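# Geometric and topological summary
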Amino acid sequence: MSMAESRTKTMEAAAAAVGGKPPVCPVCESQAVVFLCEVDGFRIFRCPQSATDFVWPMPGDAQLKQLYDREQWFEGGEKGGYQNYDAQTEPLLPFYLEMLAECERESKNVSILDVGCGYGTHLAMASRRGWQCFGVEVSEHARKIARERHGERLYVVESVERVIPHQFDVILMLEVIEHLHDPYPLFYSLFSLGAIGPKTRIAITTPNARSFAAVSDPGAWIYRHPPSHLVYYSARSLRHVLERLRFTGVKVEGTYPADDGKPASYEDETAGVNDEWVSCSGLLARASGSDFMEFMHERYVPGTWSKITEYEHLPRYAFARTYAVGAQVLDFGCGTGYGAAQLAEVAEHVLGLDASADALVWARATHDHSHLSFEQRDDLGRGLPASSFDLITCFEMIEHVDEDTQREAVQSFARLLRPAAKLLISTPNPEVTVNYGENPYHRKELTEQEFRQLLSASFAHVQMLRQWIRPSVTLAADDLPGQAAEFGYIGGTDASTPPANFLAICSHQPLPGLGEKCYLDGSQDFVAVSMAREKALHQARIEHFSILQRTRDLYVSLVAREAELAENRAVLDGMKGSLSWKLTAPMRFVAQLLRGGRSRSRS
Ligand SMILES: [Zn+2]
């Protein structure tokens, strides 16, 4: 297929071809992607915007884990696997040693996390230099070899979630990200653990999808092997990922230069940095200095924090969707824009407003929808025309401003709404936030009564909903339950549990009564995830215990040996001081010679 032909395959045609969701670029979320090629029954698409190729639809996690657990993956020379793991990982060593040396100059007690650590080769080198070494390796086979080769010097776990909470000096991801569905969740997990701080250096290597070999014959490129490789990066897409994660000092360079490096690029991609490395079959990206941890502390990015945080934030927008159909919507304090983007799927138009330019950079880069726009304002919407919205959402914003501003904001909302329009506004319950400790971003938290008073000053009708987060159990004949479900309670209703948030519906006109709404999380197998978490916790406790025991055993034997040594020394000193020891010295010398002579004659 020619390049022009492949371009004519639009996103819709692609979606129809796979009979499911339309392909979305995992790096930049663009849907303006083109079909590139088909390899081993997997369809591969190309995103001109970020210069990234990706498999669509993506295979599931279980299928991938099975693939990596086998030894043949590491030694068998399978397509996509390693021919010989040790030999192929060697050429990157010089850059690695340089990076370790740089860190050692800056700090003592240095620590490293190697995500996808394989046999632990890189970690063992750091360990010999006195580094604290941690690894993540999904393959059981590789973990076993790492243990055999390096014993207990390395702390290697199966998944990122099991890494100890610790800020690392260096994080390696060598030939890892091309195996992931999406590069961001791995980083979100690391940031949520506190593993990446402003000083953390990060190094990523991956095959170069904008090398001459990859571009000149996309389907035949040797690294194009789904399902093990799922996303194919260019220098530009690596930069995109790292800059979105707010890394500074991002440096991408080519590795493994090849001789056949003639110019090659796709006509609809701005070449730039990719052209520079067209002759290199691999890429190395280095970065440091990300303040993303602080960024996600201040505002919610879906996928960070925990499931509980998700349960707190996402259902409010799901609820708001029912009011947003065909409406002009203002999402006030839209933050990273995930909620505005959800509403844009059903609304006539959604305007996401936020005072933070940083948040809006994220929102614009992450959410692209024709019914959605973002605007930075810090005038509480006073500059917008009166009576211009059917719905205003303002979730978990009001507690971030002082009392006067709270009042002015609600007055502004009242002015912006059309007569029959609604304001959906929420704030956390101080009774519950006290569990989370001091929040420096909250200026004035409101009790239910204070919240109601604030809203009633500007709205004739205020209906208060309380938001609880509770596990749910579903009994259903349908594949997709919850469409027309009834809800009840089992095991009591525990009326003493305080609601986590208050969510108010405000209007200038009377509001109809509203029953309970329950949103079910269908994104994960809750039983499987909970069991795995339990198992992991259990194992961590056992591991912790065995480490303590081993330390104790070593200490005991050390003390015993020291005592033994002291005793021997005392005996020896006593003997050396005695007359007979001195007198028999020549005999001991002869005996020693004889012993040596005999052993030599035997050999
Ligand atoms: Zn893209």
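Conventions we followed
Residues numbered from 1 in each chain as written. Predicted model: local features only at pLDDT ≥ 70, side-chain atom pairs only at ≥ 80, totals over all residues. Helix = DSSP H or I, 4+ residues; strand = E, 2+ residues; numbered from the N terminus. Contact = placed C-beta atoms within 7 Å. Pairing = 2+ DSSP bridges. Axes fitted to C-alpha atoms, helices over the stretch in contact; angles between N-to-C directions. pLDDT = per-residue confidence, 0-100. Expected span 1.5 Å × (residues − 1). Buried ≥ 20, exposed ≤ 12 C-beta atoms within 10 Å, placed from the backbone. Core = buried A, V, L, I, M, F, W, Y, C linked by C-beta atoms within 7 Å. Domains from an automatic or database assignment.

Moving on: the overall build of the protein. Tallying secondary structure elements over the protein gives 22 helices and 18 strands in all. Within the protein, contacts between residues at least 6 apart in sequence are counted, and of these 70% link residues at least 24 apart.

In this section: the sheet that holds strand β7 (residues 170-174). Judged by pairing direction, the sheet is mixed, and its 7 strands sit side by side in the order β6-β5-β4-β7-β8-β11-β10 without closing on themselves. Of all strands in the sheet, those with a lone pairing partner are β6 (155-157) and β10 (248-257), marking the two edges. Across the sheet, the axes of successive neighbouring strands diverge by a mean angle of 15°, strand direction being ignored. Where strand β5 (residues 132-136) lies against β6, 3 bridges are found, and the strand directions are parallel. Considered in β6, the bridge of Gly135 is made with Val156.

Attention now goes to unusual backbone geometry. Here the residue pair Trp56 and Pro57 is connected by a cis peptide bond, since its omega of -5° sits within 30 degrees of zero. Among the structural elements, Pro57 can be located in the loop between β3 (52-55) and α3 (61-69). In this chain, Pro226 is followed by Pro227 through a cis amide linkage whose omega measures 5°. Relative to the helices and strands, Pro227 resides in the loop between α10 (212-216) and β9 (231-232).

Glancing now at the confidence of the model for the protein. Residues with a pLDDT of 70 or more make up 86% of the protein, whose mean pLDDT is 85. For the stretch residues 1-18, pLDDT sits under 50, and the model shows 24 contacts to residues farther than four places along the chain or on other chains. Across residues 597-603 the pLDDT falls below 50, and counting only partners more than four positions away or on other chains, this stretch makes 0 contacts in the model.

Moving on, we get to helix α17 (residues 403-416). For α17, with 14 residues, the first-to-last C-alpha span of 20 Å sits near the 20 Å given by 1.5 Å per residue. Within the span of α17, buried status applies to Gln406, Ala409, Val410, Ser412, Phe413, Ala414 and Leu416. Turning to α17, the residues buried within the fold contact β12 (328-332), β15 (389-395), β16 (417-428) and α19 (448-456).

Now for helix α7 (residues 121-128). Among the residues of α7, those classed as buried are Thr121, His122, Leu123 and Ala126. Among the residues trailing α7, Gly130 stands out with phi positive, at a value near 95°.

A separate point is the nonpolar core. Within the largest apolar cluster, 79 residues are counted, with the highest numbers of intra-cluster contacts made by Phe54, Ile112, Ile171, Leu238 and Leu283. Taken domain by domain, the makeup of this core includes at least three residues from each of domain 1 (3-55) and domain 2 (61-295). With residues up to four places along the chain from it excluded, the contact list for Ile112 reads Leu123, Ala126, Trp131, Cys133, Phe134, Phe168, Asp169 and Val170. Grouped together as the second largest cluster of nonpolar side chains are 52 residues, Val329, Tyr338, Leu416 and Ala504 included.

Strand order in the open sheet formed by 4 strands is β1-β2-β3-β9, with antiparallel pairing between adjacent strands. Looking at the sheet topology across the chains shown, the edges are occupied by β1 (34-39) and β9. Sheet topology places strand β2 (residues 42-47) next to β3; 4 bridges connect them, and they run antiparallel. Following the sheet pairing, Arg46 is matched in β3 by Asp53.

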